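What the coordinates show
For reference, the chains in residue letters:
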Amino acid sequence: DVKVTQSSRYLVKRTGEKVFLECVQDMDHENMFWYRQDPGLGLRLIYFSYDVKMKEKGDIPEGYSVSREKKERFSLILESASTNQTSVYLCASTGGFNEKLFFGSGTQLSVL
Amino acid sequence: AQSVTQPDIHITVSEGASLELRCNYSYGATPYLFWYVQSPGQGLQLLLKYFSGDTLVQGIKGFEAEFKRSQSSFNLRKPSVHWSDAAEYFCAVGPMDSSYKLIFGSGTRLLVRP
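The rules behind these values
- Residues numbered from 1 in each chain as written.
- Chains lettered and ligands numbered in written order.
- Predicted model: local features only at pLDDT ≥ 70, side-chain atom pairs only at ≥ 80, totals over all residues.
- Heavy atoms only, no water.
- Core = buried A, V, L, I, M, F, W, Y, C linked by side-chain atoms within 4.5 Å.
- Buried < 20%, exposed > 50% of the residue type's maximum accessible area, 1.4 Å probe, protein only.
- Helix = DSSP H or I, 4+ residues; strand = E, 2+ residues; numbered from the N terminus.
- Pairing = 2+ DSSP bridges.
- Salt bridge = Lys/Arg side-chain N within 4 Å of Asp/Glu carboxyl O.

A closer look at the nonpolar core
Counting 28 residues, the largest nonpolar core has B:Trp35, B:Leu48, B:Leu76 and B:Tyr89 as its most contacted members. Elements with a minimum of two residues in this core: strand S2 (10-14), strand S3 (19-21), strand S5 (32-38), strand S6 (44-50), strand S8 (64-68), strand S9 (73-78), strand S10 (87-94) and strand S12 (108-113) of chain B.

Have a look at this one:
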């Protein structure tokens, strides 16, 4: 079965810090995604990537950037963390647009 | 604007009772429709999806959903709930093209009484 692994389950950072969230998938999927999950808001797409070095903005890209140097790895970067970026971050991957998304277990990020 | 509405934030049912979780969408064209489930501390897992054809879709774990175009709804059902079904359920819609921009509802948390 596909495995999507997020490097950290819990993170606590200070305002202004640069934060890296790492995601690795093991099924050679071309498409990878970063969502944030907030109570009452469901999941919102931050960025996605459909190939190495390719990226596209989702619905809420402000304050975030991404990096995809290798097919299996997709990183989310918070250049200067702020308290309103406290959230659960979910990484996902898929082999095709009409295929299901495989999700990681999520990273609970707290920015103090 | 495209949107997905799950009107019930929480639902509590007794084990063995039937379940229906509501999902309504607003979309300019016929969308792809999905239901995902998130168990505590886990990522989301696909329960079922609708692309075309039979409007009653069967999924995993005994779940089914019915697409009703006239009502813009895609409600999730299960005839007999098990305690292990306690989780959060998300409805999602996406375009019928190569875009990946799924729109998720805000979720419904299911509690199961013993």
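There's more to say after this.
So, the pairing of S8(B)
Residue and element names in this part refer to chain B. Pairing of strand S7 (residues 56-58) with S8 involves three bridges; the strand directions are antiparallel. Across the sheet, Gln 58 pairs through a bridge with Glu 64, a residue of S8. What sits between the antiparallel neighbours S7 and S8 is a turn of five residues, in which Lys 61 has the positive phi angle 60°. Where S8 lies against S9, five bridges are found, and the strand directions are antiparallel.

Points about the pairing of S9(B)
Successive side chains on a regular strand alternate, one facing one side of the sheet and the next facing the other. Taken across its six residues, S9(B) has five buried, putting it largely inside the fold. Two successive antiparallel strands, S8(B) and S9(B), enclose a turn made up of four residues, where B:Ser72 displays a positive phi of approximately 50°.

Quick look at the pattern of salt bridges
Opposite charge on two side chains makes pairing possible when the charged atoms of those side chains draw close. Here the structure, examined in full by the defined rule, presents 11 salt bridges over all chains. One salt bridge in this structure joins B:Asp8 and B:Arg22, with 2.9 Å as the shortest N-O distance. Here B:Asp8, found in the loop between strand S1 (3-5) and S2, pairs with B:Arg22, found in the loop between S3 and strand S4 (24-26); they are 14 residues apart in sequence, far enough to count as distant. In this structure B:Asp8 comes out as buried when scored by relative accessible area, which is 17%. For B:Arg22, a relative accessible area of 39% gives the class partly exposed. Through salt bridges with shared partners, one network takes in A:Arg36, A:Asp38 and A:Arg44.

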